[in-house]
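# Observations on the three-dimensional arrangement
Spelled out from the first residue to the last, the chains are:
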Amino acid sequence: MKPVCPHLFVYGTLLDSGNSYGAYLQQHCTLIKKGKFKGKLYDIGEYPGAIVDESTDQYVHGSIYQMDEPEKILNFIDDYEGFGDDQEQPNLFTRELTSIETDMGTVQCWIYLYHLSVANLPQIPSGQYFK
C-alpha cells in the first residue's frame, strides 16, 4: 500500500487555533514552514477559497504542516472542508496534491482548493487570509 503524502498546506481558517479544527491540526501536526503557490484567493464569506492559476503572477500564502497520521487527519479535515462522496454535491472543495514553493525549494502537499465558480466572489489580492 502506497503511503499517503504527510504534508498539508493550509491558507485559511485552519490557521486559526481558535477554530476547533485548526486546534486539532496544531495538536496532531508539526508546522514545517511558510509556503505559497501560484493562484488566487477569494473571500467566500466566513472563509476563503483558493484556486491554482499558473498563468498569474499572484500567490496564495499559507503554512505547511507535517501530519503525524495523514489518513486519519485528512479524513477529519475532509469533513470540515465538505470534501468527499458523503458530503453535499458538488463538493465546495477538492483535496489535491500541489507543489508548494518555499525558501528551500518545493514541497508536495495536500491542499483544499475551491471547487465552485469564483465568478462573482471578491478576490483577496494579497493572497493572505490573515494579515
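Residues numbered from 1 in each chain as written. Predicted model: local features only at pLDDT ≥ 70, side-chain atom pairs only at ≥ 80, totals over all residues. Heavy atoms only, no water.

The protein chain appears in an unreviewed UniProt entry as Gamma-glutamylcyclotransferase (GGCT)/AIG2-like uncharacterized protein YtfP from Mucilaginibacter lappiensis.

Another point: the overall build of the protein chain. Helix and strand counts for the protein chain stand at two helices and six strands. In the protein chain, the order of α-helices and β-strands from amino to carboxyl end is β-α-β-β-β-α-β-β. Relative to its length of 131 residues, the protein chain is compact, with a C-alpha radius of gyration of 14 Å against a globular reference of 14 Å. Principal-axis analysis of the C-alpha atoms gives the protein chain an extent of 40 × 40 × 30 Å. Put simply, the protein chain has 131 residues, and 44% of those count as buried. Long-range contacts, defined as pairs at least 24 residues apart, comprise 66% of the intrachain contacts of the protein chain with a sequence gap of at least 6. When the accessible area of the protein chain is evaluated, it comes to approximately 7400 Å², of which 49% is carbon and sulfur surface. Mean positive and mean negative side-chain charge positions of the protein chain (9 and 18 charges, respectively) differ by 9 Å. (Helix = DSSP H or I, 4+ residues; strand = E, 2+ residues; numbered from the N terminus. Rg over C-alpha atoms; globule rule 2.2 N^0.38 Å. Buried < 20%, exposed > 50% of the residue type's maximum accessible area, 1.4 Å probe, protein only. Contact = heavy atoms within 4.5 Å. Areas by Shrake-Rupley, 256 points an atom, 1.4 Å probe, with all protein chains shown as cover. Lys, Arg positive; Asp, Glu negative; His and termini not counted. Charge placed at Lys NZ, Arg CZ, Asp CG, Glu CD.)

Considering all chains together, one arrives at seven aromatic pairs under this definition. Between the aromatic rings of Y24 and F76, the centroid separation amounts to 4.0 Å while the plane-to-plane angle is 35°, which identifies the pairing as tilted. Residue Y24 is found in helix α1 (residues 20-28), and its partner F76 is found in helix α2 (residues 70-81); the two are separated by 52 residues along the sequence. What makes Y24 buried here is its relative accessible area of 13%. Through successive ring pairs, a cluster of aromatic residues spans Y21, Y24, F76 and Y80. The ring centre of W110 lies 4.8 Å from the NZ or CZ of R95, which sits over that ring. (Phe/Tyr/Trp six-rings, centres within 6.5 Å; stacked < 30°, edge-to-face > 60°. Lys NZ or Arg CZ within 6 Å of the ring centre and 35° of its normal.)

Attention now moves to the pairing of strand β2 (residues 29-43). In the sheet, β2 pairs with strand β4 (residues 59-67) via nine bridges, with the strands oriented antiparallel. By the bridge assignment for β4, G35 is matched with G62. Pairing analysis gives five bridges linking β2 to strand β3 (residues 48-52), with the strands arranged antiparallel. Residue pairing for β3: D43 is matched across the bridge by P48. (Pairing = 2+ DSSP bridges.)

So, about unusual backbone geometry. Here the bond from Q89 into P90 is cis, since omega is -5°, no more than 30 degrees from zero. By secondary structure assignment, the location of P90 is in the loop between α2 and β5 (93-102).

The next thing to look at is the side chain of E81. Mapped onto the secondary structure, E81 falls in helix α2. Buried within the structure, E81 lacks any salt-bridge partner; R95 is the closest side chain of opposite charge, at an N-O distance of 9.5 Å. Sequence-distant contacts of E81, defined by excluding residues within four places in its chain, comprise L14, L92, F93 and Y112. (Salt bridge = Lys/Arg side-chain N within 4 Å of Asp/Glu carboxyl O.)

A large share of strand β6 (residues 105-114) lies buried, amounting to seven of its ten residues. Of the pairings in the sheet, the one linking β5 to β6 comprises ten bridges and is antiparallel in character. Residue pairing for β6: T98 is matched across the bridge by C109.

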